[in-house]
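# Results of the structural survey
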Amino acid sequence: MSQTDTTQDEVEDSSAPLIEHLAELRTRLIRAVLAFFVAMVICFSFGGAILDFLLMPIEKTMRSLGNPNPVMQYTAPQEYFFTLIRISMVGGLMLSFPVIGHQLWRFIAPGLYRNEKNAFLPFLIASPMLFLLGAAFAHYIVVPLAMAFFLGFADLPSFMAALVASGGDAGVATRESGIDIVFNGKVNETLDITLKMIVAFGLCFQLPVLLTLMGKAGLATAHGLRSTRKYAVVGILLVAALVTPPDVTTQLILFVVVYGLYEISIFLVAQVEKKRTAELRAAGILDEDEELYSHFDDDDK
């Protein structure tokens, strides 16, 4: 057999596993996309109930400000439909995430060692749980505070007084001076604030998962995270200013929560390093008085 034939056979042999991996990836992607669309249809079927749930914070705020019959409006024929589509997409992604995560796991698991599987699987479970925790925190605590801050500038009690004076018709109410400031909320704009806060807090709650995974990969150390606290504080403040409404209360809440998660991440990374150091010492790779990543400490001095 000539050298050319040998080279060609080697190329064909090396391309076969690649084709198999691509076929496997295609299968996993198709299943994940199908799960997303099924979950999206389910969420769309209950879109009205989900929308009522998401608008609950602003409803309670409006009632607390003196409006016994909160009303939201839409100003375009297609607005309500596309609002339900947005809700269905976000809800469908959350509902189908277990299937998507399972397909991801089935794709990468064959290429992992047993200890790597045992290390990665808990993070795959913890990630959606932390996202749901962050989303619940935003919906039940942060969003109501944001709505109270914004609607506090609108004089809803004066609107109700105008309704009483006109016998229920605000259009014919008259007053000798001044202008009534009323809130006529749009569904999509109110929902935009709510979804933005839910997604932002859900992603921020992923910080321990991200940093701990980086610690396991050797890309982050507890010492490095401690030494960059001041930069982390600045970064968290910038994130809080960008993703929250422009009021100090919600920005402070996000800062406190995310910084607390940062400190928790330092503890988790330290535990990862402690466990790895014990394993390397047991294997004889490290001496008893030698610490993992000790060269990083020397460089920082």
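Residues numbered from 1 in each chain as written. Predicted model: local features only at pLDDT ≥ 70, side-chain atom pairs only at ≥ 80, totals over all residues. Heavy atoms only, no water.

## Brief notes about the overall build of the chain
Threshold: Each helix corresponds to a stretch of at least 4 residues labelled H or I by DSSP, and each strand to a stretch of at least 2 residues labelled E; elements are numbered beginning at the N terminus. Burial status follows relative accessibility: with a 1.4 Å probe on protein chains alone, a residue under 20% of its type maximum counts as buried, one over 50% as exposed, and anything between as partly exposed. Note on areas: these come from Shrake-Rupley sampling with a 1.4 Å probe, and a residue is covered only by the protein chains present in the view.
Within the chain, the regular secondary structure consists of 12 helices and 2 strands. Its helices and strands taken in sequence order, the chain reads α-α-α-β-α-α-α-β-α-α-α-α-α-α from the N to the C terminus. Counting all 301 residues of the chain, 32% fall into the buried class. With the model as given, the accessible surface of the chain reaches about 18500 Å², and the carbon-plus-sulfur share is 66%.

## Thoughts on the nonpolar core
In summary, soluble globular proteins display a tendency toward joint burial of nonpolar side chains. Rules: What we call a nonpolar core is a set of buried Ala, Val, Leu, Ile, Met, Phe, Trp, Tyr and Cys residues that are connected through their side-chain atoms within 4.5 Å. Residue contacts are counted whenever heavy atoms from the two residues lie within 4.5 Å of one another.
Ranked by size, the top nonpolar core spans 36 residues in total, and within it Phe201 and Tyr262 carry the most contacts. In terms of residue count, the dominant contributor to this core is helix H11 (residues 248-282) (8 residues). If near-sequence neighbours (up to four positions away) are discounted, tyrosine 262 is found in contact with Leu207, Leu211, Leu225, Thr228, Arg229 and Ala232.

## Description of the layout of surface pockets
Let me state the cut-off plainly: Cavities and pockets were defined on a 1 Å grid built from protein atoms only: a cavity is a group of points that admits a 1.4 Å probe but offers it no way out, a pocket is an open group of points flanked by protein on both sides within 12 Å along at least five of seven lines, and a lining residue is one with an atom within 4 Å of any such point. Grid points are joined across faces, edges and corners, and a volume is the space filled by probe spheres set on the points. The nonpolar class holds Ala, Val, Leu, Ile, Met, Phe, Trp, Tyr, Cys and Pro. Asp, Glu, Lys and Arg form the charged class, and all remaining residues, Gly among them, are polar.
Within this model, the second largest pocket holds a volume of roughly 420 Å³. Elements represented by at least two residues in the lining of the second largest pocket include exactly helix H4 (79-108), helix H5 (114-151) and helix H7 (187-204). Among the elements that line the lining of the second largest pocket, the one with the most residues is H4, at 8 residues. Looking at the lining of the second largest pocket residue by residue, the class counts come to 13 nonpolar, 4 polar and no charged.

## Considerations on the packing of aromatic side chains
Convention followed: Each Phe, Tyr or Trp ring, with Trp reduced to its six-membered ring, pairs with another whose centre is within 6.5 Å; inter-plane angles below 30 degrees give stacked pairs, above 60 give edge-to-face pairs, and intermediate values give tilted ones.
By the definition in use, this model includes 9 aromatic pairs. Each residue in the set Phe44, Phe81 and Phe82 is aromatic and connected to the rest through ring pairs, giving one cluster.

## Topic: a nonpolar patch on the surface
Counted only if it meets this: Like charges are joined within 9 Å and nonpolar side chains (Val, Leu, Ile, Met, Phe, Trp, Tyr) within 5 Å, but only among residues with over 30% relative accessible area and no salt bridge; these make up the patches. Throughout this description, the term salt bridge denotes a Lys or Arg side-chain nitrogen within 4 Å of a carboxyl oxygen of Asp or Glu.
Among the surface-exposed residues, Leu18, Leu22, Leu25 and Leu29 lie close enough to one another that they form a single nonpolar patch of about 370 Å² accessible area. Mapped onto the fold, leucine 29 is located in helix H1 (residues 3-45). On the basis of relative accessibility, which here comes to 49%, the residue leucine 29 falls in the partly exposed class.

## Focus on the environment of phenylalanine 131
Within the element layout of this structure, phenylalanine 131 appears in helix H5. Spatially, the C-alpha atom of phenylalanine 131 lies 6.6 Å from that of glutamine 206, the residues being 75 residues apart in sequence.

## Some details on the pattern of salt bridges
Counted under the stated rule, the structure contains 5 salt bridges. A salt bridge links arginine 86 to aspartate 192, with the shortest nitrogen-to-oxygen separation between them at 3.4 Å. On the criterion of sequence distance, the pair formed by arginine 86 in helix H4 and aspartate 192 in helix H7 is long-range, its members being 106 residues apart. Look at arginine 86 and you get partly exposed, because its relative accessible area is 30%.

## Overview of H4
Selection criterion: Multiply 1.5 Å by the residue count of a helix minus one, and that product is the helix's expected span. In this scheme, the bend at a residue equals the angle between the axes fitted to the seven residues that finish there and the seven that begin there.
Here H4 is 30 residues long and its end C-alpha atoms lie 41 Å apart, about the 44 Å a rise of 1.5 Å per residue gives. At phenylalanine 97, H4 shows its largest bend, some 55°, and a proline, proline 98, comes one to four positions later.

## A short note on the side chain of serine 96
Position of serine 96 among the secondary structure elements: in helix H4. Leaving out residues up to four positions away in the same chain, serine 96 has contacts with Ala35, Phe36 and Ala39.

## Considerations on the side chain of threonine 194
Along the chain, the position of threonine 194 falls in helix H7. Residue classification places threonine 194 among the buried residues on the basis of a relative accessible area of 1%. When sequence neighbours within four positions are dropped, the list of residues in contact with threonine 194 reads Leu54, His139, Val143 and Met147.

## Digging into the confidence of the model for the chain
Counted only if it meets this: Per residue, pLDDT captures the predictor's confidence, and it can take any value from 0 to 100.
On average, residues of the chain score 77 in pLDDT, and 75% of them are at 70 or above. Within the chain, helix H2 (residues 47-54) carries the highest mean pLDDT (91), whereas helix H12 (residues 294-300) carries the lowest (46). In this model residues 155-163 is a low-confidence stretch, pLDDT under 50, and it forms 18 contacts with partners more than four residues away in sequence or in other chains. When the criterion is pLDDT under 50, residues 295-301 qualifies, and its contacts beyond four places in sequence or with other chains add up to 3 contacts.

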